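Residues per chain, in single letters:
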Amino acid sequence: MSRAAVLTGLGTYVPPRVVTNDELSRTMDTSDEWIRSRTGITRRHWAEPGTATGDLAVEAGERALKSAGSGDADLVVLATTTPDHPCPATAPDVAARLGLDAVAAYDIGAVCSGFIYAMASAAGAIAAGIAERALVIGAETYSTILNPEDRTTSVIFGDGAGAVVLRAGDPAEPGALLGHDLGSDGSLKDLIIVPAGGSRRPSAAADASGARPAETYFHMEGKPVFRHAVTRMAASSRAMLDRAGWDPESVDRFVGHQANVRILHAVADQLGMARDRTVVNLDRVGNTSAASIPLALADAVAGGLLTPGDRVLLSAFGGGVTWGSTALVWPEIVAD
Ligand code: COA
């Protein structure tokens, strides 16, 4: 019989510093009213300078392992857009700091779709018998790549980390991932990009004033990204629902990537799903990219919106561009 990856633990961490829309409007030409009405975001968390993505990942990973009732894992997959270093990957260091000795550990780069990609990768390793118990983490410190001069991106993104533990189990049990739909369109890579710092354009030198060059910052074309996010998340969600054999109306909770509440509602509308099935926590954390889905899951559990037996659809869209979806029946777990 085939082996499934079964969700058995969930943990999250956000850095303590809260940045409100009002605080941002004191340093850039924006307003609480604009940010709230165009995105749904009211505040986000930003790490203090010196805190790296791996630091947040360790906190979330520890909590997920505790939630799963065992500190053990034989695979760590870390999704991030903001690794601690260009080389090496962040996952091995996180694994070591969690006391996971000699385990397989690697990073996944699929920007805001990263967590769905990481879950699919870990589920594949479990199905193939490569791993028994995987720690899947999405962690970001976007505050380190946001251009303080760019109001179109600085108001949107937040820092945070979320993690799940997937164990080998039976496809029919609650918590089993019911398959994955993944895709990409690299012809749209320039829509979401950090232009410099990679092999195509190694880090640019600071200018005469010592200021950080603009091309080392995150850049996003908001309008086309919005359009593609709606279309691709809706299509991917439909493909996933077909695979699971579920009607859109039978989905209890839609946990989509938390980029913009207008995107989430548009996707629900396209799927013919009631908007109140959509989990929204971006108002309090902003867009946390690869950490977004697990942070939304934990928020829904804490708020009583996600209970054992619920049919849950997860879907994301991100830079690359990339997209992906998965689905599961929510298991009995105690999130930490
Ligand atoms: N504060 C005030 N005004 C702002 C602003 C801000 N923070 N950011 C942009 N504006 C201005 C623009 O300059 C523009 O002014 P203009 O009309 O004088 O040119 C106006 O507001 C409208 O800008 P626009 O970019 O058309 O707004 P929008 O309705 O498309 O919303 C986003 C912008 C970024 C919120 C929206 O496009 C979005 O959410 N995109 C998808 C983001 C996303 O999903 N990212 C992650 C996917 S992985």
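Residues numbered from 1 in each chain as written. Predicted model: local features only at pLDDT ≥ 70, side-chain atom pairs only at ≥ 80, totals over all residues. Heavy atoms only, no water.

Visitor: How should the sheet that holds strand β7 (residues 160–169) be read in this particular structure?
Guide: In a beta sheet, neighbouring strands pair by backbone hydrogen bonds and run either parallel or antiparallel. Reading across from one edge, β1-β7-β6-β4-β5 is the order of the 5 strands in this open sheet, with mixed pairing throughout. The sheet terminates laterally at β1 (4–13) and β5 (104–108), the two strands that pair on one side only. Strand-to-strand twist in this sheet, taken as the mean axis angle between neighbours without regard to direction, amounts to 20 degrees. Set on the sheet, helix α3 (residues 53–67) makes contact with β1, β4 (75–79), β6 (133–140) and β7; between it and β1 the angle comes to about 125 degrees. Across the sheet, helix α5 (residues 114–127) lies against β1, β4, β5, β6 and β7, angled at about 20 degrees from β7, the strand it touches most. (Pairing = 2+ DSSP bridges. Helix = DSSP H or I, 4+ residues; strand = E, 2+ residues; numbered from the N terminus. Axes fitted to C-alpha atoms, helices over the stretch in contact; angles between N-to-C directions. Contact = heavy atoms within 4.5 Å.)

Visitor: Would you take a moment to explain the pattern of salt bridges for this structure?
Guide: Between side chains of opposite charge, a pair can form when the charged atoms approach closely. Taken as a whole and assessed by the stated rule, the structure comprises 14 salt bridges. The partner of R201 in a salt bridge is E215, with the nearest N and O atoms 3.7 Å apart. Linking R201 in the loop between β9 (192–193) and β10 (219–220) with E215 in the loop between β9 and β10, this pair joins segments that are 14 residues apart in sequence. Ionic contacts of the salt-bridge type, sharing partners, join the residues D55, D93 and R97 into one network. (Salt bridge = Lys/Arg side-chain N within 4 Å of Asp/Glu carboxyl O.)

Visitor: Honestly, the nonpolar core in this entry has me stumped. Any pointers?
Guide: Side chains of a nonpolar character, in soluble globular proteins, are inclined to be buried together. Counting 43 residues, the largest nonpolar core has V267 and L313 as the members making the most contacts within it. Every element with two or more residues in this core is listed here: α7 (222–244), α8 (261–271), β12 (311–318) and β13 (322–329). Ranked by the residues each element gives to this core, the list is headed by α7, at 7 residues. Counting contributing residues per domain, this core is built from domain 1 (4–169) and domain 2 (180–329), each supplying no fewer than three. Ranked by size, the runner-up nonpolar core spans 39 residues in total, among them L75, L177, L297 and L314. (Core = buried A, V, L, I, M, F, W, Y, C linked by side-chain atoms within 4.5 Å. Buried < 20%, exposed > 50% of the residue type's maximum accessible area, 1.4 Å probe, protein only. Domains from an automatic or database assignment.)

Visitor: What exactly am I supposed to notice about the site of the ligand here?
Guide: Close contacts around the ligand come from 24 residues, with T30, R38, R151, K223 and N260 the closest. W34 is positioned such that a nitrogen or oxygen atom in its side chain is 3.3 Å from an oxygen atom of the ligand. In isolation the ligand has 960 Å² of accessible area, and contact with the protein removes 74% of it. Among the elements of the structure, α2 (32–39), α6 (151–154), α7, α8 and β12 are those that each provide at least two residues to the shell around the ligand. Across the shell around the ligand, the residue classes break down as 11 nonpolar, 8 polar and 5 charged. For the shell around the ligand, the domains that each give at least three residues are domain 1 (4–169) and domain 2 (180–329). (Near = heavy atom within 4 Å. Polar contact = N/O pair within 3.5 Å; in protein donor to acceptor, adjacent residues only side chain to side chain. Areas by Shrake-Rupley, 256 points an atom, 1.4 Å probe, with all protein chains shown as cover. Nonpolar A, V, L, I, M, F, W, Y, C, P; charged D, E, K, R; others polar.)

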